[in-house]
4 protein chains.
Amino acid sequence: MKFTLRARVASEFLGTALLVAAVVGSGIMAERLAGGNVAIALLANTIATGAALVALILTFGPISGAHFNPAVSLADAIEHGITWPHALAYIAAQCTGGIAGTILAHLMFGLRWYSISSHPRHGPSQVLSEFVAAFGLLAVIWGCSRSRPGAVPFAVASYITAAYWFTASTSFANPAVTIARCLSNTFAGIRPSDVPAFALAQIAGALAATVLFRWFAPELPSTAEQVLVPHSTR
Amino acid sequence: MKFTLRARVASEFLGTALLVAAVVGSGIMAERLAGGNVAIALLANTIATGAALVALILTFGPISGAHFNPAVSLADAIEHGITWPHALAYIAAQCTGGIAGTILAHLMFGLRWYSISSHPRHGPSQVLSEFVAAFGLLAVIWGCSRSRPGAVPFAVASYITAAYWFTASTSFANPAVTIARCLSNTFAGIRPSDVPAFALAQIAGALAATVLFRWFAPELPSTAEQVLVPHSTR
Amino acid sequence: MKFTLRARVASEFLGTALLVAAVVGSGIMAERLAGGNVAIALLANTIATGAALVALILTFGPISGAHFNPAVSLADAIEHGITWPHALAYIAAQCTGGIAGTILAHLMFGLRWYSISSHPRHGPSQVLSEFVAAFGLLAVIWGCSRSRPGAVPFAVASYITAAYWFTASTSFANPAVTIARCLSNTFAGIRPSDVPAFALAQIAGALAATVLFRWFAPELPSTAEQVLVPHSTR
Amino acid sequence: MKFTLRARVASEFLGTALLVAAVVGSGIMAERLAGGNVAIALLANTIATGAALVALILTFGPISGAHFNPAVSLADAIEHGITWPHALAYIAAQCTGGIAGTILAHLMFGLRWYSISSHPRHGPSQVLSEFVAAFGLLAVIWGCSRSRPGAVPFAVASYITAAYWFTASTSFANPAVTIARCLSNTFAGIRPSDVPAFALAQIAGALAATVLFRWFAPELPSTAEQVLVPHSTR
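Residues numbered from 1 in each chain as written. Chains lettered and ligands numbered in written order. Predicted model: local features only at pLDDT ≥ 70, side-chain atom pairs only at ≥ 80, totals over all residues.

**Looking at the overall build of chain A**
Along the backbone of chain A there are nine helices and zero strands. Along the chain direction, N to C, the helices and strands of chain A fall in the order α-α-α-α-α-α-α-α-α. The C-alpha atoms of chain A give a radius of gyration of 17 Å, which matches the 17 Å a tight globule of 234 residues would have. The dimensions of chain A, computed from C-alpha atoms along their principal axes, are 50 × 35 × 30 Å. When contacts within chain A are restricted to residue pairs at least 6 apart in sequence, long-range pairs at least 24 apart make up 79% of them. (Helix = DSSP H or I, 4+ residues; strand = E, 2+ residues; numbered from the N terminus. Rg over C-alpha atoms; globule rule 2.2 N^0.38 Å. Contact = placed C-beta atoms within 7 Å.)

Okay, here's the thing in structure tokens:
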């Protein structure tokens, strides 16, 4: 590990902030322009999110591994990729970074700096969707990283692009992003009372995939930094 | 081959399940949101499917070769890439996995766990389309794998993205996926009585491409795992 | 060169046929579904064409260089990449392959096997557009191939994706494809009387870029096969 | 550095001209076809711009580094990647190339060769958006280039694709492109009186990211040519 914990935590903060700014900001722009056609709005939101993931994972991956997601840091700590204290520092940076991203998006679009979402997202279908979304995300991370770590930024971005459409919840798949999105009463928002069930389903899905891939592919590399963006040249 | 047959069969099951969940689920979401514009719905369905293929082939390719398709396993057995008993095990996993994917998509969207499609897809144009769709898919697999096996996930996903639009049938190109889609009376469905002609046309197209590329490029590598995702580092 | 001329010519025929089938077929599908919104139709046509180019250049590049385009074969012969007799054989295969692609698209969509387009595309703006389109295409081929031949499939596909929108003619940029498209009275068609000016502008643009890049970057590799898809492993 | 300053300056001129032609031209086409739905128009404009960036950075990167942007050349000079006199020559080529691109787009679409935009883009939200847009662009360039210079064309194109939607200003992020766009009273235009605040915000954002990444990752390679497209084979 070449980077200090301080630099890595700053990387997780900044990367998660820009990711949430992309998710929330593109949702605001898309809804404003789409003339009421929700499919067009979600398509724009999807393309912006997928493209942001490619750029941000390539940018911050070499510094901190580009987790941007407490479920990923948790799974990585379980697999001994990072220590538990580092995982906790990562998670704190992700949650605060995500909230900063929501605020940034609001300021860029001339909105009040925060607003509480009234967008209901609940019920068994939504919760199952989040379990599946996070299960698939971790499956992609553990599976792809085995043979082609350099392709992980593209695999993760492609996965989320697809999952925005194939899950009923539009695939939050990330507790820090879920918290940040409850502070925005816009296209991408989620009602605060629906956050806990989403976060629990996400963590459960991530853990299920981690256990499955331990059985599937026990020769996995054990550090997230190797997994997400390899330091070795490509 | 590093992985046991059991792990490889599980990989084919899980990968095909997630692929069908992506196809069927994104079709449901797209139709719900598109406000009656079928082009927008198919565009969303296309982008979700193409992105899912990139992610899933990168994820499961190193374990089982990421066939997800009986026509591919059949062609691979003919080319001596896998043994016939293994091909049969793969095909069983793909067919059951596909059905599981349909059920999963239905549960995520709060629908009954299965429904019989009433979507007619028949006639010579549709059958010719499936022949062409599968011919092109196998051409891409055999052609691309010769010099750039690492690019196969992108080549296959790009091909299917295009074929959703340039074939009249929206390019099923996969008997297991076709069977799974007849169990969903949604956007991506197909009437059960139309399945046999689709499956036969797909197998015929796959075999035609396999024969052609044997003449074209006889120095093809002979194992599907090398073909689809190489174990050698990239 | 590992492949016989016969295999290479067959590769150009088949690749151009599938490329034109993708362009014409996706145009038919897009127009049928788009409900009169031409932007949505062109967006679908664009995505299908760009994705087809990625897949087909990766598939046929290792065999024949994946020219699919008389302007490319001409420029390559001028740069001594292929001999003139071989260039003529390539061009014949591209022109007949393109026509076969139009016929295939019509059959897949249940249309008469050919129809003469009545779509006017003429005037100085259109002709300038085709000059620019072909100039840019050859610039991308010569420029990108110098340092990163493995990226050429993605560079060419990305270029055409952009050029569908930034030229007024939607960037035919290919005399064989232009001829093939005059035989389809559908979305992608062009009136036969407008073909000669398009073809001349395309050839002029290709030659201009070739001359410019000879000055710019004289150390270019001299064979098209090295340029388009390198035989060296990636 | 293999190329003469003259060739490099010509590369910056030509690349910026084609980039602006893509931005302005695709805006004209998109607005003409979109039937009043601004989201569809911006989606087409976004896809064309992102795809053009992939193609043009791959094409001109090996010659001049593919800056196409005074903010990038300025940041690179500060980091001692290029000398100040070379940076000034680059910036002059970018500004004149951008204007040439606007003129080329107008001629391709049969419009008068220039027109003064009346599209207002001002206020604190817009200016903040440009600061964030340029900050993120330089973050991507400095961050990604450290470990994976070969991925920079894809990272930059993905970033701009996302930023078109997540900033309120649609992410100009480039003073030369901003100047060029004030000469086009079309979809992509900007009122001349709004240009100075945009340009200043862009330069401030670029500098902020450069300073931040110097702290973050001091072992950055110091030349832009290495950063943007490496000469070493991939």
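This is not the end of the story, as more comes after the structure.
**So, the confidence of the model for chain A**
When pLDDT is averaged along chain A, the result is 92, and 93% of the positions lie at 70 or above. Confidence estimates for the predicted assembly give a pTM of 0.95 and an ipTM of 0.93. (pLDDT = per-residue confidence, 0-100.)

**Side note on the relation of the copies chain D and chain A**
Superposition of chain D onto chain A requires a rotation of 90 degrees combined with a translation of 0.0 Å along the rotation axis, giving an RMSD of 0.0 Å. Look at the turn and shift together and you get a four-fold axis relating the two. An overlap of only 6% is found between the interface residues of chain D and their copies at the interface of chain A, pointing to separate contact surfaces. (Least-squares fit on C-alpha atoms with pLDDT ≥ 70 in both.)

**Considerations on the interface of chain D and chain A**
Taken together, the contacts link 32 residues of chain D with 36 residues of chain A. For the side of chain D that touches chain A, the elements supplying multiple residues, two or more each, are α2 (38-64), α5 (124-147) and α6 (152-166) of chain D. The leading source of residues in the side of chain D that touches chain A is α5(D), at 11 residues.

**Looking at the nonpolar core**
Considering soluble globular proteins, one finds that nonpolar side chains tend to be buried as a cluster. If you look at the biggest cluster of nonpolar residues, it comprises 392 residues, and the most contacted ones within it are Ala155(A), Ala155(B), Ala155(C) and Ala155(D). Look past the residues within four positions of Ala155(B) in its chain and what remains in contact with it is Val140(B), Cys144(B), Val54(C), Ala55(C), Leu58(C) and Thr59(C). (Core = buried A, V, L, I, M, F, W, Y, C linked by C-beta atoms within 7 Å. Buried ≥ 20, exposed ≤ 12 C-beta atoms within 10 Å, placed from the backbone.)

**A word on the interface of chain B and chain C**
On the side of chain C, 36 residues touch chain B, which itself brings 32 residues to the contact. Among the secondary structure elements, those contributing two or more residues to the side of chain B that touches chain C are α2 (38-64), α5 (124-147) and α6 (152-166) of chain B. No other element matches α5(B), which puts 11 residues into the side of chain B that touches chain C.

**Considering the packing of helix α1 (residues 5-33) of chain D against α2(D)**
Running from N to C, α1(D) and α2(D) cross one another at 170 degrees; their axes reach a closest spacing of 9 Å. Here α1(D) lies roughly antiparallel to α2(D), going by the angle between them. (Axes fitted to C-alpha atoms, helices over the stretch in contact; angles between N-to-C directions. Parallel < 35°, antiparallel > 145°, perpendicular 65-115°, else oblique.)

**What to know about the environment of Phe216(D)**
Within the secondary structure layout, Phe216(D) lies in helix α8 (residues 195-216). Separated by 214 residues in the primary sequence, Phe216(D) and Lys2(D) have C-alpha atoms spaced 31 Å apart. Once residues within four sequence positions are removed from consideration, Phe216(D) is found in contact with Ala7(A), Ala10(A) and Ile63(A).

**Regarding unusual backbone geometry**
With a phi angle near 60 degrees, Phe68(B) is a residue other than glycine that sits in the positive phi range. In this fold, Phe68(B) is placed in the loop between α2 and α3 (70-78). Using a count of 33 C-beta atoms within 10 Å as the deciding quantity, one classes Phe68(B) as buried. Phi is positive for Thr170(D), which is not a glycine, with a value near 60 degrees. Structurally, the position occupied by Thr170(D) is in the loop between α6 and α7 (175-181). Residue Thr170(D) is classed as buried on the basis of its C-beta count, with 26 C-beta atoms lying within 10 Å.

**A look at the arrangement of the chains**
One finds no contact between chain A and chain C; the C-alpha atoms of the two approach each other to within 10 Å at their closest. Nothing in chain B touches chain D, and the closest approach of their C-alpha atoms is 10 Å.

**A few points about the environment of Leu42(A)**
Within the secondary structure, Leu42(A) is located in helix α2 (residues 38-64). Once residues within four sequence positions are removed from consideration, Leu42(A) is found in contact with Tyr164(A), Thr170(A) and Leu33(B).

**Here's the deal with the packing of helix α1 (residues 5-33) of chain C against helix α4 (residues 84-108) of chain C**
Residues and elements named next belong to chain C. Two elements in contact, α1 and α4, have axes whose closest approach is 6 Å; the angle formed by their N-to-C orientations is 35 degrees. For the pair α1 and α4, the crossing hand works out as right-handed. Residues of the contact of α1 with α4, tallied by class, amount to 18 nonpolar, nine polar and one charged. (Left-handed = near helix turned anticlockwise from the far one by under 90°. Nonpolar A, V, L, I, M, F, W, Y, C, P; charged D, E, K, R; others polar.)

**Points about α2(D)**
Residues and elements named next belong to chain D. Considering bend angle alone, the principal kink of α2 is centred on Leu58 and spans about 35 degrees; proline Pro62 follows within four residues of it. With respect to burial, α2 is a largely interior element, 26 of its 27 residues being buried. Phi turns positive, to about 90 degrees, at Gly65, one or two residues after α2. (Bend = angle between axes of the 7 residues up to and from the residue.)

**A closer look at helix α6 (residues 152-166) of chain A**
Taking 1.5 Å as the rise per residue, α6(A) with 15 residues should run 21 Å; its terminal C-alpha atoms sit 20 Å apart, in good agreement. The element α6(A) is extensively covered by neighbouring structure, given that 15 of its 15 residues are classed as buried. (Expected span 1.5 Å × (residues − 1).)

**Some points on the environment of Pro124(C)**
Residues and elements named next belong to chain C. Tracing the backbone through its elements, the reader meets Pro124 in helix α5 (residues 124-147). Looking at Pro124, the number of C-beta atoms within 10 Å reads 11, which means it is exposed. Sequence-wise, Pro124 and Ala197 are 73 residues apart; in three dimensions their C-alpha atoms are separated by 9.7 Å.

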